[in-house]
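# Commentary on secondary and tertiary structure
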Amino acid sequence: MSNQINRNISRRGFIKLALVASVSATGAANALSGCAPKPTPAPAVVATVEGAKKALSVDGKLTMKLRAAFMPQGNEILKALVQDWGAKNNLPVEVDIVSMNDLQTIAATAAETGAGPDIIEINQGSAHLFAEKLADVSDVCDDLGARYGGWYTAAQEACKVDGKWLSVPRFFAPHAISYRTDLFEKIGVTKPPQTWEELYEVGKALQEAGLAPIAFPLGHAVGDGNDFCYSVLWSHGASDVAADGKTVTIDSPETRAALEYIKKLASVMPPDVLSYDDASNNRAFLAGSISATNNASTIWGASRNQGTKVKIGEEEKNLHELTDHFVYPAGPAGQVTYAEFMSSAVFSYSKNIEAAKALLTYLNEREQITPWANPNLGFVFPPLKGLKDDILMPWNTTPKLAPFKEYAETSHLPGYPSNNFRGGTDAYAKWVIVDMFASVGGGSATIDEAITTAAALLADSYKA
Amino acid sequence: MRTIPLQSWSNQLEKRMEVMSPRESFSPTIQQRLSAWFNQEKILGPALVAPAVLILLLLIAYPFCVAIWLSLTDKVIARSDTGNFIWFANFAKLFKDSIFQRTAINTFNFALVSVFFKLVLGLLMALVLDEVKLFKNFFRGILLLPWIVPTSLSALGWLWMFDSQFSVINHLLLDWGLIQEKIIWLGVPATAMLSVQIVNIWRGIPFFGISLLAGLQAIPQELYEAAEIDGANAWSKFWKVTFPLLMPVTAVVTLFSIVQTFADFQIVYVLTRGGPLNSTHLFATLTHQTAILAGRLGEGAAVSLFIFPVLVIAVILQLRYLQKQD
């Protein structure tokens, strides 16, 4: 049959057949969509939500995109919670869990085009970038804040724009220093270092003893690199901007002190910290080749879950048993840390703002936060002060995670100590602070050069 | 318009084919008239090209014009007080921006070095493949792999190979005694650039190799025979016969490669994100950082348009050359 056709239809005939077929197919499709009844929108469902007591309805379905957390079971629980809420309220909800990098692009596109999910999880100070396109969620935040002991400062910095809450704080990915207790003991350190200076001394002693070095990321590591560099900067009393949000203050004796410190610290770290991304320090620690690094609780969590072994002499030991954490050391200005932070924003183009707000209220209540935070082993930390003492929070059930409990108290967002978190987010996106530290730590610039370069970039970031 | 299911259309056409045989006469139906109308060259030609033109207009020309417009404004994502026309302020600002200056140098370095090596090694690959007679298809297939595997995936593989701790490359070099200590591939500006270039070259060689191989095989064998009769050795056969005749293909392939390499994004994004110290930022990755992460659409568009003049010049030069050949 097909041979028959081939013989009968010339090349041109065949092209024509294809063309006609495609035209008619499109025509048919158009005609179909024209006459066939449009898929009926889901009937507006009326339901009551505990607490809110509002009639909720959803146009189409409520869509949300969330950041994938560290533990897969944490993501599953989160999805189940959302679906549960949808079922309870008889509302269709679609939840997607995506990687951090994708979220950022989706959010920017949605904000600019006015099309996309109803709810999206955004990082750091993104609410300041998208402010105009986000719905006011002050009622949700005021309600939750009143019920659970108020919000941490960093949560307010990230989500409050001109006195209005434009995003609902979701979680900190709290940081601490993961370290090898056995190696620290070998050089006689039984109490974790309290200050950056003491940390350097430990690093030096480890180096002299020929043990695995300490290693803090100076590469473009979105979480770990920023967390480390901003924390060192701020705890030395330095800042990139003044309280007015405009004056660049990076050229200061305090910054110089912080950079001197990095120079010193770099001499006891492996040179590859300049290439560290967010996963490098985890890998190096899990392989036993470094003895301390800053990270979320994921190194310990992974080594426990995977049963990672490390060779001590002839013996193989469980790495997680030799791993513990201590809080970020303090600098001359005390302990000031960088907040690794996520919040959930509702786009103002959404037709489901009320339903979205009800869902976000639900997800941030104690009954939902705890079962989600628990299996995440410290990777998620609620930004409501009253929830950290919940008995089932991982840092309350697992002594090794205790250092993560205080992180949120001292942490801030780029832009601190001003209110210009838009400018701070801009500088953060350009890696200005990390690169300043890296250029001094790696020896490719003098302290003066590094400060000059950073100052020019910061002036541009904080200008707008 | 009355629509008829696909099946019935083709049936009709088949019938028409039978009907149209010269022995029989027929009175034209709508379909037949329609097809006669389509039969005209001036209708069929444009009709066939139309979808492609439409796609180009929608997906290339329109975004391109928007990018030009954006680059002349101070547009910032999600801010209605922006989008004002500011002439060339974005471009003027970029010239003074230390990250941009670095990026411009990087991009030229990255593209020119990579394309040069892709060309040389690709030519070598083509010449070798041309000689391979045994398992010819197998070798051709396997050498195409770097080109076929999605870049983001192969770049992830390279990320491991360049890992400061576990680099298999370091492992081998140390084992062979070629280096005394580990090379920090992605942590030092010079080696980081070298690393992304290596990956780009590795990925691009097959494209050159296969295209040039096609060119090689199109060279008439008689020319070589004639050269041999004149006493040419392999070297002069290459320079006097192969090379000049391969030039048109080489020009086109190089043009494509320059365009693609200048606009590369994935390799750098996966391997270094532009680090360390912005030493591997390319126009494309800086555009992403500026426009998406920092939200400065206007400035980001300006960064991306810096590729444009370079590409226009490349295209003009190449097309001129090809015209001369004709």
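Check the entry above for the structure.
This text gives an overview of the structure that appears in the document.

Conventions used here
- Residues numbered from 1 in each chain as written.
- Chains lettered and ligands numbered in written order.
- Predicted model: local features only at pLDDT ≥ 70, side-chain atom pairs only at ≥ 80, totals over all residues.
- Heavy atoms only, no water.
- Core = buried A, V, L, I, M, F, W, Y, C linked by side-chain atoms within 4.5 Å.
- Buried < 20%, exposed > 50% of the residue type's maximum accessible area, 1.4 Å probe, protein only.
- Contact = heavy atoms within 4.5 Å.
- Helix = DSSP H or I, 4+ residues; strand = E, 2+ residues; numbered from the N terminus.
- Expected span 1.5 Å × (residues − 1).
- Arc of directions from axis to C-beta.
- Axes fitted to C-alpha atoms, helices over the stretch in contact; angles between N-to-C directions.
- Parallel < 35°, antiparallel > 145°, perpendicular 65-115°, else oblique.
- Nonpolar A, V, L, I, M, F, W, Y, C, P; charged D, E, K, R; others polar.
- Pairing = 2+ DSSP bridges.
- Polar contact = N/O pair within 3.5 Å; in protein donor to acceptor, adjacent residues only side chain to side chain.
- Left-handed = near helix turned anticlockwise from the far one by under 90°.

A separate point is the nonpolar core. All names here are of chain A. Formed by 91 residues in total, the largest nonpolar core has its most connected members in Ile214, Leu218, Phe228, Leu265, Met436 and Phe437. The contacts of isoleucine 214, once residues within four sequence positions are left out, are Leu199, Gly203, Leu206, Leu265, Val268, Met269, Pro270, Ser291 and Ala292. One finds Val58, Val95, Leu129 and Ala173 within the second-largest nonpolar core, a separate group that totals 86 residues.

Residue and element names in this part refer to chain A. Its 13 residues place the ends of helix α9 (residues 196-208) 18 Å apart at the C-alpha level, agreeing with the 18 Å of an ideal helix rising 1.5 Å per residue. When α9 is considered as a whole, its buried residues turn out to be Trp196, Leu199, Tyr200, Val202, Gly203 and Leu206. What you see down the axis of α9 is that its buried residues fit within an arc of 160°, all on one side. Elements in contact with the buried residues of α9: α8 (181-186), α10 (224-235), α11 (253-266) and β11 (323-326). Where α9 terminates, the next one or two residues include glycine 210, which has phi positive at roughly 70°.

Two elements in contact, helix α4 (residues 100-113) of chain A and helix α13 (residues 283-293) of chain B, have axes whose closest approach is 10 Å; the angle formed by their N-to-C orientations is 55°. Classed by the angle they form, the pair α4 of chain A and α13 of chain B counts as oblique. Residues Gln104, Thr105 and Ala108 of chain A of α4 of chain A touch α13 of chain B, and the partners they reach there are His288, Ile292 and Leu293 of chain B. Split into classes, the residues belonging to the contact of α4 of chain A with α13 of chain B amount to three nonpolar, three polar and no charged.

Time to look at the sheet that holds strand β6 (residues 168-172) of chain A. Two pairing modes exist for strands in a sheet, parallel and antiparallel, and in both the strands are linked by backbone hydrogen bonds. Residue and element names in this part refer to chain A. On the basis of which strands lie adjacent, the open sheet formed by five strands has the order β2-β1-β3-β13-β6 and mixed pairing. Edge strands, defined here as strands with exactly one partner in the open sheet, are β2 (93-98) and β6. The mean angle between the axes of side-by-side strands here comes to 25°, regardless of whether they run parallel or antiparallel. Summarising the sheet, strand β1 (residues 62-67) and β2 pair through six bridges and their orientation is parallel. Note that in β2 the partner of arginine 67 across the bridge is valine 98.

Residue and element names in this part refer to chain A. Within the element layout of this structure, asparagine 226 appears in helix α10. A polar contact of 2.8 Å, which involves the side chain of asparagine 226, links it to the backbone oxygen of valine 222. Among residues more than four places away in sequence, those in contact with asparagine 226 are Ala221, Ser231, Tyr338, Tyr428, Trp431 and Val434.

A negative phi angle characterises most non-glycine residues, just as the trans form characterises most peptide bonds. For the bond running from tyrosine 416 of chain A to proline 417 of chain A, omega is 5°, close enough to zero to count as cis. Tracing the backbone shows proline 417 of chain A in strand β15 (residues 414-417). Residue proline 276 of chain B is bonded to the preceding glycine 275 of chain B through a cis peptide linkage, with omega at -10°. Even without glycine at this site, alanine 78 of chain B takes up a positive phi of about 60°. By the secondary structure assignment, alanine 78 of chain B is in the loop between α3 (41-71) and α4 (89-96). Owing to a relative accessible area of 0%, alanine 78 of chain B belongs among the buried residues under this scheme. Look at asparagine 278 of chain B: it is not a glycine, yet its phi comes out positive at around 65°. Relative to the helices and strands, asparagine 278 of chain B resides in the loop between α12 (266-271) and α13.

Before going further, it helps to spend a moment on the sheet that holds strand β8 (residues 292-295) of chain A. All names here are of chain A. Ordered by their spatial adjacency, three strands build an open sheet running β8-β7-β11, and the pairing between neighbours is antiparallel. Taken across any chain shown, the strands that pair with only one partner, and hence form the sheet edges, are β8 and β11. Direction aside, neighbouring strands of the sheet carry axes that sit 30° apart on average. Bridge analysis of strand β7 (residues 176-180) against β8 gives four bridges, and the strand direction is antiparallel.

A word on the packing of α3 of chain B against helix α14 (residues 297-305) of chain B. Geometry of a packed helix pair, given as the angle between the helix axes and the separation of the axes. Residue and element names in this part refer to chain B. Where α3 contacts α14, the axes come no closer than 7 Å and their chain directions differ by 120°. Taken together, α3 and α14 sit at an angle that is classed as oblique. Viewed along their axes, α3 and α14 form a crossing whose handedness is left-handed. Note on element contacts: α14 touches α3 through Gly298, Ala301, Ala302 and Leu305, opposite Phe64, Ala67, Ile68, Leu70 and Ser71. Along the lines of polarity and charge, the residues of the contact of α3 with α14 split into seven nonpolar, two polar and no charged.

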